[in-house]
Amino acid sequence: MQAKVSKAQTEVWEWKEKLYEEIKNVPSSERISYLIKKAHSTVAAIKKKRGKLET
């Protein structure tokens, strides 16, 4: 019997695959900087969206 995979787990796998595709051609010496910049922009977008929801 095969275990069912949750929708959330499938989404995580898709996000990981998408991120891998984004950084696979970035030189290894620049990957951390790229990921940090991406994280900062994601946090800024979340804060902006949260701000709109609170207002």
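Residues numbered from 1 in each chain as written. Predicted model: local features only at pLDDT ≥ 70, side-chain atom pairs only at ≥ 80, totals over all residues. Heavy atoms only, no water.

**Focus on the overall build of the protein**
Right, on to step 1. Tallying secondary structure elements over the protein gives two helices and zero strands in all.
Right, on to step 2. The C-alpha radius of gyration computed for the protein amounts to 16 Å, which surpasses the reference 10 Å derived for 55 residues by more than 25%, pointing to a less compact arrangement than a globule.
Right, on to step 3. Reported as C-alpha extents along the three principal axes, the dimensions of the protein are approximately 45 × 40 × 10 Å.
Right, on to step 4. Counting over 55 residues, the protein shows a buried share of 4%.
Right, on to step 5. A total of about 5,400 Å² of accessible surface is found on the protein, and carbon and sulfur atoms cover 59% of it.
Right, on to step 6. Counting 13 positive and 7 negative side-chain charges, the protein places the centres of these two groups 5 Å from one another. (Helix = DSSP H or I, 4+ residues; strand = E, 2+ residues; numbered from the N terminus. Rg over C-alpha atoms; globule rule 2.2 N^0.38 Å. Buried < 20%, exposed > 50% of the residue type's maximum accessible area, 1.4 Å probe, protein only. Areas by Shrake-Rupley, 256 points an atom, 1.4 Å probe, with all protein chains shown as cover. Lys, Arg positive; Asp, Glu negative; His and termini not counted. Charge placed at Lys NZ, Arg CZ, Asp CG, Glu CD.)

**Quick word on a nonpolar patch on the surface**
Right, on to step 1. Taken together, the side chains of Val5, Val12, Trp13 and Trp15 present a nonpolar region at the surface, about 430 Å² in accessible area.
Right, on to step 2. Along the chain, the position of Trp13 falls in helix H1 (residues 7-23). (Patch = residues over 30% accessible without salt bridge, like charges linked within 9 Å, V, L, I, M, F, W, Y side chains within 5 Å. Salt bridge = Lys/Arg side-chain N within 4 Å of Asp/Glu carboxyl O.)

**Focus on the pattern of salt bridges**
Right, on to step 1. Tallied over the entire structure, the rule returns two salt bridges.
Right, on to step 2. The closest approach of N and O atoms between Lys24 and Glu21, which form a salt bridge, is 2.9 Å.
Right, on to step 3. You can call Lys24 partly exposed: its relative accessible area is 37%.
Right, on to step 4. For Lys38, the salt bridge identified is with Glu22, shortest N-O distance 3.3 Å. One end of the pair, Lys38, is in helix H2 (residues 31-54); the other, Glu22, is in helix H1, with 16 residues separating them in the sequence.
Right, on to step 5. Glu22 gets classed as partly exposed once you look at its relative accessible area, which sits at 26%.

**Some words on the environment of Asn25**
Right, on to step 1. One can find Asn25 in the loop between H1 and H2.
Right, on to step 2. Residues Asn25 and Val5, spaced 20 residues apart in sequence, show a C-alpha to C-alpha distance of 30 Å.

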